[in-house]
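# A closer look at the structure
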Amino acid sequence: MRRTLPARSVRAVGALTSAFTLAGAMAAVPAYADPGPNLKITAAVPDGRWLRGDHIPIDVTITNIGDAKATEVRATGSTYSGPYYGFDPNTWGDLDTNGSGASFEAGESRTYRVTGYIWGAEAGNPVVRIDLNAPGDTDYSDNSADVPVNPIPPETTERVAGQVYGDKNRDGLLSPGEELAGLTALVGGPGLPQPLSVVTDSAGRFAFDAVPVGTIRVVYFRNDPGGWLFPEGDVMRLDGSGTHQNLSVQGRQPLSQALQATIALDKTSYAPGETAKATVTLTNSGEHPLSGLFVTCRDGDGTELKIPQEQWGAFGPTQAGALAPGQRLVLSVTAQVPDKAAYFGTTFLDCGFNGKTYVSGPQVFLQAKVPGKRADARGVAWVDKNNNWQLDDGEGLANTTATLSTRDNKLVSFARTDAKGNVTFPGVAVGEYVFRVAGPWEAIHGDSTILHVAPPYGWEWRVQLKPR
Ligand SMILES: [Ca+2]
Ligand SMILES: [Ca+2]
Ligand SMILES: [Ca+2]
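Residues numbered from 1 in each chain as written. Chains lettered and ligands numbered in written order. Predicted model: local features only at pLDDT ≥ 70, side-chain atom pairs only at ≥ 80, totals over all residues. Heavy atoms only, no water.

Turning our attention to the coordination of the calcium ion (ligand 3). Within the protein, the calcium ion (ligand 3) binds to Asp384 (OD), Asn386 (OD1), Asn388 (OD1), Gln390 (O), Asp392 (OD), Glu395 (OE) and Glu395 (OE); these donor distances fall in the range 2.3 to 2.6 Å. Taken in sequence order, the residues that donate to the calcium ion (ligand 3) follow the motif D-x1-N-x1-N-x1-Q-x1-D-x2-E. (Donors = N, O, S within 2.8 Å, 3.2 Å for Na, K, Ca; no water.)

Okay, structure coming up:
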């Protein structure tokens, strides 16, 4: 009886035959047969606790295993699967596809560290494919590499714990009795829907058992009756390694609690060029000596009183001011009223009192008048009819009576708006005024205080109105 093979087996034999043929053909070509460059790539994410929010590196090693120099070598990378991993700009160096390419001598090997970022919130991890291109490469089968990028799973959590104290004796350490109990400790950061919160125990200790990992996590405190100031900008990177279980958080008393500062000017009104005298009174109402104190007065737009630094003595640039507990110190300083102040009708002092080793010292601001200059006060009254927050054609409040009054409600000037809502109050003394219009209109911000400044420093003010 003649044996016949089923059709399926015939096909299988045929496939086998062609497979043998192919293998035979390949075996007939020695690996070194083609002279020329032959680049080979290997790539992997270096060891590390990478987070989803990191710029995660990939080390790409390129070796020329051929027997000729490779030139114009360029590399590209793309996300093969999973969430999108985007390469950072300019990360490819001389391998960049837009450049002239890199060169590798026969046998030469170099490793590049490229970086990228996982964009979006898609779950899972990316696999990144990197392709290497060089003219004349004799074997392209080894020119690409697939790199799994596996950051710490975002659902990973770790314990964050520590102790918080108010450094009463200012030695920078937790001293007995300085523990802060009953404080609300919170931890928050990007990606956390809301901060986690615990209350410190009698030893000032706090512990969050499971804080989700992230590149930016911050511990902060609320509900402190003692008025302590805590560092709020210390960023923790939580990568699941649990290295933030022994935090020591120092609360500091604001300097303004111990140091009182007042400034009095000898007059309420000055002429430009006149010398203003300021009496500065500093009092240490605390229990500890204060040292390293200094005064800084803010520069403004040129209308401020500039107190020469040397007048501050030890409280000047040497930052050597000192006050014993209970001590009261009076400093007399002077400053020339700048000419520019006359154009604004006002001059000011804005001084901060600080210490080298303190935080949040007192701040004092005071103004004085510099009257005399007059100028036309010009502005526009308008109503945002189309609600686009911009003054458009036809939105000026036309032909309406408008007034300028002092803050204590004395009428200073009145005028009428033109067809476009422009209004000019002629020859008004510089300074601050309240602007009003007749009829059922009120300023959109509740108060329409305008600052009337003389040329060349002045400007046309705008007052937006709404129906009353
Ligand atoms: Ca190759
Ligand atoms: Ca202490
Ligand atoms: Ca508008």
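The next thing to look at is the coordination of the calcium ion (ligand 2). The protein atoms that coordinate the calcium ion (ligand 2) are Asp167 (OD), Asn169 (OD1), Asp171 (OD), Leu173 (O), Ser175 (OG), Glu178 (OE) and Glu178 (OE), at distances spanning 2.3 to 2.7 Å. Each donor residue of the calcium ion (ligand 2) belongs to the same chain, with the gaps between them written as D-x1-N-x1-D-x1-L-x1-S-x2-E.

The alternating pattern of strand 15 (residues 247-251) places Leu247, Val249 and Gly251 on a buried face, while none of Ser248 and Gln250, on the opposite face, is buried. Two strands pair when backbone bridges link them, and strand 9 (residues 157-166) and strand 15 are joined in this way by 5 bridges, in the parallel orientation. Bridge assignment links Gln163 to a residue of strand 15, and that residue is Ser248. (Buried < 20%, exposed > 50% of the residue type's maximum accessible area, 1.4 Å probe, protein only. Helix = DSSP H or I, 4+ residues; strand = E, 2+ residues; numbered from the N terminus. Pairing = 2+ DSSP bridges.)

What follows concerns unusual backbone geometry. A cis amide bond, omega 5°, links Pro455 with the succeeding residue Pro456. Here Pro456 lies in the loop between strand 29 (449-452) and strand 30 (461-467). Although it is not a glycine, Arg170 sits at a positive phi angle of roughly 55°. One non-glycine residue, Trp389, lies in the positive phi region at around 65°. Within the secondary structure layout, Trp389 lies in the loop between strand 23 (374-383) and strand 24 (401-405).

A few words on the nonpolar core. By size, the foremost hydrophobic cluster in this structure holds 33 residues, and its most contacted members are Ile263, Leu282, Leu349 and Phe353. If you list the elements that add at least two residues to this core, you get helix 2 (255-258), strand 16 (259-265), strand 17 (275-284), strand 18 (290-297), strand 20 (328-336), helix 3 (340-344), strand 21 (346-355) and strand 22 (363-369). Leaving out residues up to four positions away in the same chain, Phe353 has contacts with Leu255, Leu259, Ala261, Ile263, Val280, Leu282, Phe294, Val295, Gly361, Pro362 and Val364. Listed in part, the 26 residues of the second largest apolar core include Ala75, Leu95, Ala102 and Phe104. (Core = buried A, V, L, I, M, F, W, Y, C linked by side-chain atoms within 4.5 Å. Contact = heavy atoms within 4.5 Å.)

With that out of the way, let us pick up the domain arrangement of the protein. Annotation of the protein at the domain level lists domain 1 (39-148), domain 2 (157-251), domain 3 (256-369) and domain 4 (374-467). Taking only C-alpha atoms, the centre of domain 2 and the centre of domain 4 are 51 Å apart. (Domains from an automatic or database assignment.)

For Ile263, the location among the structural elements is in strand 16. For Ile263, the residues in contact, after removing those within four places along its chain, are Ala278, Thr279, Val280, Leu349, Cys351, Phe353, Val364 and Leu366.

Our focus in this paragraph is the packing of aromatic side chains. Inspection of every chain in the model, using the stated rule, returns 12 aromatic pairs. Ring plane angle 80° and centroid distance 6.2 Å describe the contact between Phe425 and Phe435, whose orientation is recorded as edge-to-face. You can see Phe425 sitting in strand 26 (residues 422-429) and its partner Phe435 sitting in strand 27 (residues 431-437), a full 10 residues away along the chain. What links up through ring pairs into an aromatic cluster is the set Phe206, Phe208, Phe221 and Phe230. Directly above the aromatic system of Phe104 lies the positively charged group of Arg110, at a separation of 4.0 Å from the ring centroid. (Phe/Tyr/Trp six-rings, centres within 6.5 Å; stacked < 30°, edge-to-face > 60°. Lys NZ or Arg CZ within 6 Å of the ring centre and 35° of its normal.)

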